[in-house]
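Read off the chains here:
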Amino acid sequence: MLKFKHAIAILLCTVLLLGTAPMSRLAGLEWPDLSALFTVNAKAETYGTYGVLRYRISDEEVTITGCDYTAAGELEIPDTIEGYPVTSIGVGALGYLPGLTSITIPDSVTSIDEGAFSGCTGLTTVTIPDGITYIPSGLFSGCTGLTSVVIPGNVTAIAMTSFANCTGLKTIECRAIDPPSFVYDATGAVLFYNVDLSSCKLIVPKGCLAAYQAAYGWKEFTLIEEDEPTAIHGVISEVQINGDVVSFYDISGRKLNGKPAQKGVYIVNGKKVAVK
């Protein structure tokens, strides 16, 4: 900003000089090079490939933009590329790859765009990181082989077309304590279109059954059960219990650095707890 102000000041002085001095006095003068004053100190976007993945680096963050059509089996997205964190998956980046059976996404990813996995008919499982707060339009649309999905505890909203035509879906586990709302994202959109809500089981956190049974969209499920593989011990509000530092883990067993900053269901001392 200071550089820009200096450039403007110099230009104004130049204009005043040109306006008051005779042209004969200006002849032969050497004018300073002002180009450096207008240089924007921003790194240009760069593109590359990482195995079967295509990516873009912008503002020192990596976005996955595409994938080779021959990709098959299990696909694990790295958490860093060229030393920069992978933070997002672009629109349709991993869509229509029938050979993929599973996709693992690192915790560094905090944004997944529309249709990122749409049309992956062979996809059966996807690990979505806890940093995701919104499930976008058509994310799993047409993933006919998808049998189960886990919605992270930090998700607050889901686009209505996210699971359209997921005809093989048998189980949805939603770990959010408060039922996520549904966003009307397309004309004529039908919530869970072509998903059999009479047989697809919805698993919700312990103590949240009534909330889901009353919530728009979620109450359409015939089978709603509370998840209780281990005991639930109320609300955690202190990092220390009985003088010992408590270690928090997410539901996938990954250790967190300190107390969770966002509400959700976590594991402490081998038991599930609700953090609000």
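Residues numbered from 1 in each chain as written. Predicted model: local features only at pLDDT ≥ 70, side-chain atom pairs only at ≥ 80, totals over all residues. Heavy atoms only, no water.

All right, on to the overall build of the protein then. When helices and strands are tallied, the protein shows three helices and 22 strands. Counting the 276 residues in the protein, one finds 40% classified as buried. Counting only contacts in the protein whose residues sit at least 6 apart along the sequence, the fraction spanning at least 24 positions is 45%. Surface accessibility of the protein: about 14,800 Å² in total, with carbon and sulfur atoms responsible for 55%. (Helix = DSSP H or I, 4+ residues; strand = E, 2+ residues; numbered from the N terminus. Buried < 20%, exposed > 50% of the residue type's maximum accessible area, 1.4 Å probe, protein only. Contact = heavy atoms within 4.5 Å. Areas by Shrake-Rupley, 256 points an atom, 1.4 Å probe, with all protein chains shown as cover.)

The strand order across the open sheet formed by three strands is β10-β12-β14, and the pairing between neighbours is parallel. At either margin of the open sheet sits one strand with a lone partner, and together these are β10 (134–135) and β14 (181–183). Where strand β12 (residues 157–159) lies against β14, three bridges are found, and the strand directions are parallel. By the bridge assignment, I158 is partnered in β14 with F182. (Pairing = 2+ DSSP bridges.)

The subject of this paragraph is the nonpolar core. Among the nonpolar cores identified, the biggest contains 61 residues, and I64, I89, L94, F117, F140, F192 and W218 are the most heavily contacted of them. Elements with a minimum of two residues in this core: β2 (53–58), β3 (61–67), β6 (84–89), β7 (100–104), β11 (148–151), β13 (171–174) and β15 (201–205). Look past the residues within four positions of F117 in its chain and what remains in contact with it is I89, L94, G95, I103, I105, I112, L123, V126, L139, F140 and C143. (Core = buried A, V, L, I, M, F, W, Y, C linked by side-chain atoms within 4.5 Å.)

For the rest of this paragraph, the subject is the side chain of R175. Structurally, R175 can be placed in the loop between β13 and β14. Looking at R175, its side chain comes within polar contact range of the side chain of E173, at 3.3 Å. (Polar contact = N/O pair within 3.5 Å; in protein donor to acceptor, adjacent residues only side chain to side chain.)

What follows is about the packing of aromatic side chains. According to the stated counting rule, one finds 10 aromatic pairs in the structure shown. Taking the centre distance of 5.8 Å and the plane angle of 80° together, the rings of F182 and F192 count as edge-to-face. With F182 in strand β14 and F192 in the loop between β14 and β15, this residue pair connects regions lying 10 residues apart in the sequence. Each of the two residues, F182 as well as F192, counts as buried. Centroid distance F192 to F221: 5.1 Å. Interplanar angle 80°. Geometry classified as edge-to-face. Of this pair, F192 sits in the loop between β14 and β15 while F221 is found in the loop between α3 (209–214) and β16 (223–227), placing the two residues 29 residues apart along the sequence. Both residues of the pair, F192 and F221, count as buried. Through successive ring pairs, a cluster of aromatic residues spans F117, F140, F163, F182, F192, Y212, Y216, W218 and F221. (Phe/Tyr/Trp six-rings, centres within 6.5 Å; stacked < 30°, edge-to-face > 60°.)

The tally for this structure, following the rule as stated, stands at four salt bridges. Between K206 and E226 there is a salt bridge whose closest N-O contact spans 3.7 Å. A residue pair is termed long-range when its members are at least 10 positions apart, and K206 in the loop between β15 and α3 and E226 in strand β16 qualify at 20 residues. (Salt bridge = Lys/Arg side-chain N within 4 Å of Asp/Glu carboxyl O.)

Turning next to the pairing of β13. In the sheet, β11 pairs with β13 via four bridges, with the strands oriented parallel. When the sheet's bridge partners are listed, S148 is paired in β13 with T171. Direction of pairing for β13 relative to β15: parallel, over a ladder of three bridges. Pairing of T171 across the sheet is with K201, part of β15.

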